[in-house]
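Coordinate inspection notes
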Amino acid sequence: MLLQFNFSNYKSFKKEASLDLAATGISELSHHVVQLANEKVLPVSAIFGANASGKSNVYKAFSYMRHLVVHSFRYGGSSDVTKASDEALKFPLPLRFAWSTQNCEPASFEVYLIDPITLRTYNYGFMVDERGVVEEWLNEKAKTARISKTIFFRSRDDENCDYSGFSKTDTNNLLTALEPEVLLISLGNKLKVLKCQNIVQWFYQCETTDYGDPGENYFLCHRLPDDFREKAIQDQVLSFFATFDDSIKGFKIEELPAEEEGGAKRMHIEALHKAIDSDEFVSISLLNESAGTIKMFSLYPVLMNVLAHGTLLFVDELNSRLHPLLVRNLIRLFSNPEANPHHAQLVFTTHDTWHLANKGLR
C-alpha cells in the first residue's frame, strides 16, 4: 500500500508537497482504515481544489515517477539526451517549477510503500534534472525493526554511493550497464534483481488515468477487458454494470477483419437491452451508449487490475461524465474490506464538494 508520496520542484510545486495516506486518529468512519505494519492507512483519498490550484499536477507528478520507474531502462546511450537519435527513447525531461528563471534545482520524487505480505516498509525515491539521474535511493524496514536499512544509494558523486544491499554479482552487473539517464531500480528489474523487481512490479501494476483528457478517454473507451470474448468475463462485466445500470442485459460481439494485413482483429460490440413492448432484446452499439456507461466500461479492466493486485488507482477528474452516486459506489468499493481484500487504493481529483457531505469520506 502507498503510505506517502512526496515530490518537489515539479510543474506548479516548488517546495516539497506530500500526499499522505496515513490515517489520523479521528473516530469518523474507522472501518475505512486498513492497519498494516503498525500503520493505519487510507484505502481512499480525494484531492479537492479550484481550477489551476494544482490538483492535476499531483496526478502528473505520480504518473511521471511511475513512467520512469517502469520504462527508464530504455533510455541512455548518450550523455546528451537532447540529441538522442530515437525520439521515442529520449529521456523525458522533468517539467520543473517554471516561475523562476534561475531554477536549476533537480526535481525530486519519493514514495513510502508497505508490502501487505511481508509487512516491510520501503522508501524509494530519486532526483532528476536535464542530464538524467542526480540521486536515487532505496531503503527497507522490517515490521519489527526500529530503523531502516539501506539497500542502495546512488549519486553522481561516486564517493557517496552505497550498494551494500546487493550481492557483489548484482552490483557489478548493475554498474556495468547503468547509464546516467537510467534509474537503477528500472535496470535492476530488467536484470531480475529481486529487490528491484518488488518495487517496479508495484508501480507497473498501478493504474493512472486522466478522464479530463479527450485523447486518453478515446483510448480507454476502446480498451476491452482481457478475454472479453468469453461468456464468464461478459457475465462479470454485467454484474459490475448492474451496480449502477441494470438496463444492459448482455453483449453481442462480432469479429471484424484487421484494418491492415497482419494487424490485430477488431471487435464490434453491441449492448443488449430488453424491448419496452415485448420480451425481445434490442441491440445498440456500445459506442452509442451514454458517455457515463462507456466510461464505466473502460474503467472495468482498470479496476479489476488494481483490486486483484492490491495496488493504486490514481484518477484525474474522476467525476467527469460520472454521476456522483457512481463515484460514491467506487469509494464504497475500495472502502469495503470484503470487496477489496488485497487493500487496493483509490486516489482521485475532483471539484465535486458533494462528496464532502455524503459521509463517504473521512
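Attention here is on the structure that accompanies the text. Here, residues in each chain are numbered from 1, in the same order as that chain's written sequence. Per-residue local features are limited, in this predicted model, to residues with pLDDT of at least 70; the limit for side-chain atom pairs, both in listing and counting, is 80 or more; totals at the level of whole chains, interfaces and linings are taken over all residues. Side-chain metrics in this entry use all non-hydrogen atoms of the structure; hydrogen atoms and water are not considered.

1. Concerning the overall build of the protein chain
- Counting its regular elements, the protein chain contains eight helices and 15 strands.
- With respect to the three principal axes, the spread of C-alpha positions in the protein chain is 80 × 60 × 45 Å.
- Counting every position in the protein chain, which comprises 362 residues, the buried fraction comes to 47%.
- Two residue types count as positive, namely Lys and Arg, and two as negative, namely Asp and Glu; His and chain ends fall outside the count. For this purpose, a charge sits on NZ of Lys, CZ of Arg, CG of Asp or CD of Glu. For the protein chain, the separation between the mean place of its 37 positive charges and that of its 46 negative charges on side chains is 5 Å. Elements are defined by DSSP. Helices are runs of H or I of four residues or more, strands are runs of E of two residues or more, and each kind is numbered from the N terminus. Burial classes: relative accessible area under 20% of the type maximum marks a residue as buried, over 50% as exposed, and values in between as partly exposed (1.4 Å probe, protein chains only).

2. Describing the sheet that holds strand 13 (residues 281-285)
- Strand pairing is defined by DSSP finding a minimum of two bridges between the two strands. Taken together, three strands build an open sheet; the order of strands is 11-12-13 and the sheet is antiparallel. Strand pairing shows two members of the sheet lacking a second neighbour, strand 11 (248-256) and strand 13, which therefore form its edges. Adjacent strand axes in the sheet meet at a mean angle of 30°, parallel and antiparallel pairs treated alike.
- Pairing geometry for strand 12 (residues 266-274) and strand 13, over five bridges, is antiparallel. Paired with E270 across the bridge in strand 13 is S285. Note on method: axes are straight lines fitted to C-alpha atoms, helices fitted across the in-contact stretch only, with angles between N-to-C directions ranging 0 to 180 degrees.

3. Side note on the sheet that holds strand 9 (residues 149-155)
- On the basis of which strands lie adjacent, the open sheet formed by six strands has the order 2-1-6-7-8-9 and antiparallel pairing. One side of each edge strand has no neighbouring strand; the edge strands of this open sheet are strand 2 (17-20) and strand 9. The sheet shows a mean angle of 10° between the axes of neighbouring strands, taken without regard to direction.
- The sheet contact formed by strand 1 (residues 2-8) and strand 2 spans four bridges and is antiparallel. Paired with F7 across the bridge in strand 2 is A17.

4. Some words on the environment of L3
- Inspection of the secondary structure puts L3 in strand 1.
- The buried category is assigned to L3, whose relative accessible area is 9%.
- When the C-alpha atoms of L3 and I114 are compared, they prove to be 6.9 Å apart, with 111 residues separating the residues in sequence.
- Throughout, a residue-residue contact means that at least one pair of heavy atoms, one from each residue, lies within 4.5 Å. Not counting residues within four places of it along the chain, the set of residues in contact with L3 comprises L19, D20, L21, A22, E39, V41, Y112 and I114.

5. Some thoughts on the environment of H273
- For H273, the location among the structural elements is in strand 12.
- With relative accessibility at 14%, the residue H273 sits in the buried group.
- When neighbours within four sequence positions are excluded, H273 is seen to be in contact with S247, I248, E280, F281, V282, I284 and E289.
- A polar contact is formed between the side chain of H273 and the backbone oxygen of S247, at a distance of 3.3 Å. In protein, a polar contact requires one atom able to donate a hydrogen and another able to accept it; more generally it is a pair of N or O atoms within 3.5 Å, and residues adjacent in sequence count only if both atoms are side-chain atoms.

6. Some remarks on unusual backbone geometry
- One non-glycine residue with positive phi stands out, namely N9, at about 55°.
- A positive phi angle, near 60°, is found at E317, a position not held by glycine.
- For E317, the location among the structural elements is in the loop between strand 14 (312-316) and helix 8 (324-335).
- Residue class for E317 comes out buried when judged on its relative accessible area of 17%.

7. Concerning the packing of aromatic side chains
- Any Phe, Tyr or Trp ring, taking Trp's six-membered ring, that has another such ring centre within 6.5 Å forms a pair; planes under 30 degrees apart are called stacked, those over 60 apart edge-to-face, and the others tilted. Per the counting criterion, the structure on display carries 15 aromatic pairs.
- On the numbers, 5.3 Å between centres and 20° between planes, the contact of F5 with F7 is stacked.
- When the centroid spacing of 6.1 Å and the interplanar angle of 25° are considered together, the rings of F62 and F203 count as stacked. Linking F62 in helix 1 (residues 55-71) with F203 in helix 4 (residues 194-205), this pair joins segments that are 141 residues apart in sequence.
- Residue F62 is classed as buried on the basis of its relative accessible area, which comes to 1%.
- When its relative accessible area of 0% is taken as the criterion, F203 is described as buried.

8. Quick look at the side chain of S108
- Mapped onto the elements, S108 comes out in strand 6 (residues 107-114).
- Of the residues examined, S108 reaches a relative accessible area of 14% and is grouped as buried.

9. Re helix 7 (residues 291-309)
- With 19 residues, helix 7 extends 28 Å from end C-alpha to end C-alpha; this agrees with the ideal 27 Å at 1.5 Å per step.
- Values of bend correspond, residue by residue, to the angle between axes fitted over the seven residues ending at that residue and the seven starting there. Of all the bends in helix 7, the greatest, near 30°, is centred on L299, and the proline P301 appears no more than four residues after it.
- Counted residue by residue, helix 7 has 15 buried out of 19 residues, so it is predominantly covered.
- Looking one or two residues beyond helix 7, the residue adopting positive phi is G310, at roughly 65°. Helix span, as expected, comes to 1.5 Å for every residue beyond the first.

Honestly, it's all geometry; don't read function into it.
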